[in-house]
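# Analysis of the macromolecular model
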Amino acid sequence: MNQKTSKRTHSNKSNYHHGDLRSALINEATQILKESGVEGLSLRKLADKAGVSRTAPYHHFKDKNQLLCTIAEQGFERWQSDAELIFNRDDITAQQKYRVFFHGYIQYAADNPELYDLMFGRTIWKQNSATQALKDVAFPSFQHQVEMTKKWQRQGIMPSNENTLRLSQVTWGTMHGIARLLIDGIYADRTHIDEMCDCAVNLFTRQLSISDEVD
């Protein structure tokens, strides 16, 4: 390391508080993931990009897997926050909320393909390497989908004669399938998002008048 780099690294290190450094590392890692994918992310590269010593990331993440799980965890939290904003709106009907929710999910995946891959892909889940912190946010995310599906069935928006769990799996599976088609670039692209989402929502719901809806 030359003298100029050493001074820059020392300066950056001195400007970070403990909590600030962890947040900065996660933000930097998320950007690397977006630009280079999982394969392009390493704790060593992360340290270099953040301008800290190569041992600094290990004070916050024991290995790359824990870092990836933390990024995925924040991905779930961001989506759940977006979904809550939709469900808490009082200017649209319940059926419109479902439509906006469906569109929002697909748009989130299309805007964050590498993050979406990490949240739902093989890198973490097929390797059975999810941290408890990630499980604690990922599993309730689906449970919330089940609860909302039950509510939509009660409101008459979705078919009440279907098993709630299976209907939740099928509707989320459809969203996930559309997201994967877009991310992989197979048979679909971003110009198809609105029409695909509307088609799926129309299949899963029935048209209601405002007077038909139940709070």
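Let's shift gears to the nonpolar core. The biggest cluster of nonpolar side chains holds 60 residues, and the ones touching the most others in it are Phe101, Phe102, Ile106 and Leu134. Looking at this core, the elements with two or more residues in it are helix H2 (18-36), helix H3 (43-50), helix H4 (64-87), helix H5 (94-111), helix H6 (113-120), helix H7 (132-154), helix H8 (164-184) and helix H9 (193-204). At 10 residues, the largest contribution of residues to this core is made by H4. Contact partners of isoleucine 106, with chain neighbours within four places excluded, come to Met175, Ile178, Ala179, Leu182, Ile193 and Cys197.

Here we come to the pattern of salt bridges. Counted under the stated rule, the structure contains 6 salt bridges. With a shortest N-O distance of 3.1 Å, aspartate 198 and arginine 99 are connected by a salt bridge. Here arginine 99 lies in helix H5 and aspartate 198 lies in helix H9, a separation of 99 residues in the sequence. Salt-bridge contacts for aspartate 111 lead to arginine 190; the nearest nitrogen and oxygen are separated by 2.7 Å.

Let us look at empty space enclosed by the protein. Across all of its chains, the model carries 1 cavity of 30 Å³ or more by this definition. Roughly 40 Å³ of volume is contained in the largest cavity. Taken together, Trp79, Tyr105, Tyr108, Ala109, Tyr116, Met119 and Phe120 form the lining of the largest cavity. Among the secondary structure elements, those contributing two or more residues to the lining of the largest cavity are H5 and H6. Classifying every residue of the lining of the largest cavity by side-chain character gives 7 nonpolar, no polar and no charged.

One number sums up the size of the second largest pocket: a volume of about 170 Å³. Lining the second largest pocket are 14 residues, and of these Gln80, Ala83, Ser141, His144 and Gln145 lie nearest its centre. At the level of secondary structure, the elements contributing two or more residues to the lining of the second largest pocket comprise H4, H5, H7 and H8. The residue makeup of the lining of the second largest pocket, split by class, is 9 nonpolar, 4 polar and 1 charged.

A contiguous nonpolar surface patch, about 340 Å² in accessible area, is contributed by Leu181, Ile186 and Tyr187. Position of tyrosine 187 relative to the elements: it lies in the loop between H8 and H9. Given the relative accessible area of 78%, tyrosine 187 is considered exposed.

What follows deals with the packing of aromatic side chains. Within this structure, the stated rule accounts for 16 aromatic pairs. Between tyrosine 98 and phenylalanine 102 the ring centres are 6.2 Å apart and the planes differ by 70 degrees, which places this aromatic pair in the edge-to-face class. One end of the pair is tyrosine 98 and the other is phenylalanine 102, both in helix H5 and 4 residues apart, which spans about a single turn. The two residues tyrosine 98 and phenylalanine 102 agree in class, both being buried. Between the aromatic rings of phenylalanine 101 and tryptophan 152, the centroid separation amounts to 5.9 Å while the plane-to-plane angle is 50 degrees, which identifies the pairing as tilted. Note that phenylalanine 101 is positioned in helix H5 and tryptophan 152 in helix H7, a separation of 51 residues in sequence. Residue classification places tryptophan 152 among the buried positions, given a relative accessible area of 2%.

Before going further, it helps to spend a moment on the confidence of the model for the chain. Summing up the model confidence of the chain, the mean pLDDT is 88 and the portion of residues at 70 or higher is 87%. Here residues 1-14 is modelled with pLDDT under 50, and outside its nearest four sequence neighbours on either side it reaches 11 contacts, counting other chains as well. Below pLDDT 50 for its whole length, residues 208-212 participates in 7 contacts with residues either more than four positions away or in separate chains.

Time to look at the state of the cysteines. For the coordinates displayed, the defined rule picks out 0 disulfides. Between cysteine 197, a cysteine without a disulfide, and cysteine 199, which holds the nearest cysteine sulfur, the sulfur-to-sulfur distance is 10.0 Å.

Right, let's talk about unusual backbone geometry for a bit. Unlike most non-glycine residues, asparagine 128 shows phi in positive territory, near 55 degrees. Tracing the backbone shows asparagine 128 in the loop between H6 and H7. The exposure class assigned to asparagine 128 is exposed, which follows from its relative accessible area of 67%. Non-glycine residue tyrosine 187 carries a positive phi angle of around 65 degrees.

Conventions adopted
Residues numbered from 1 in each chain as written. Predicted model: local features only at pLDDT ≥ 70, side-chain atom pairs only at ≥ 80, totals over all residues. Heavy atoms only, no water. Core = buried A, V, L, I, M, F, W, Y, C linked by side-chain atoms within 4.5 Å. Buried < 20%, exposed > 50% of the residue type's maximum accessible area, 1.4 Å probe, protein only. Helix = DSSP H or I, 4+ residues; strand = E, 2+ residues; numbered from the N terminus. Contact = heavy atoms within 4.5 Å. Salt bridge = Lys/Arg side-chain N within 4 Å of Asp/Glu carboxyl O. 1 Å grid on protein atoms, 1.4 Å probe; cavity = no way out; pocket = protein on both sides within 12 Å on 5 of 7 lines; lining within 4 Å. Points joined across faces, edges and corners; volume = space filled by probe spheres on them. Nonpolar A, V, L, I, M, F, W, Y, C, P; charged D, E, K, R; others polar. Patch = residues over 30% accessible without salt bridge, like charges linked within 9 Å, V, L, I, M, F, W, Y side chains within 5 Å. Areas by Shrake-Rupley, 256 points an atom, 1.4 Å probe, with all protein chains shown as cover. Phe/Tyr/Trp six-rings, centres within 6.5 Å; stacked < 30°, edge-to-face > 60°. pLDDT = per-residue confidence, 0-100. Disulfide = S-S within 2.5 Å.

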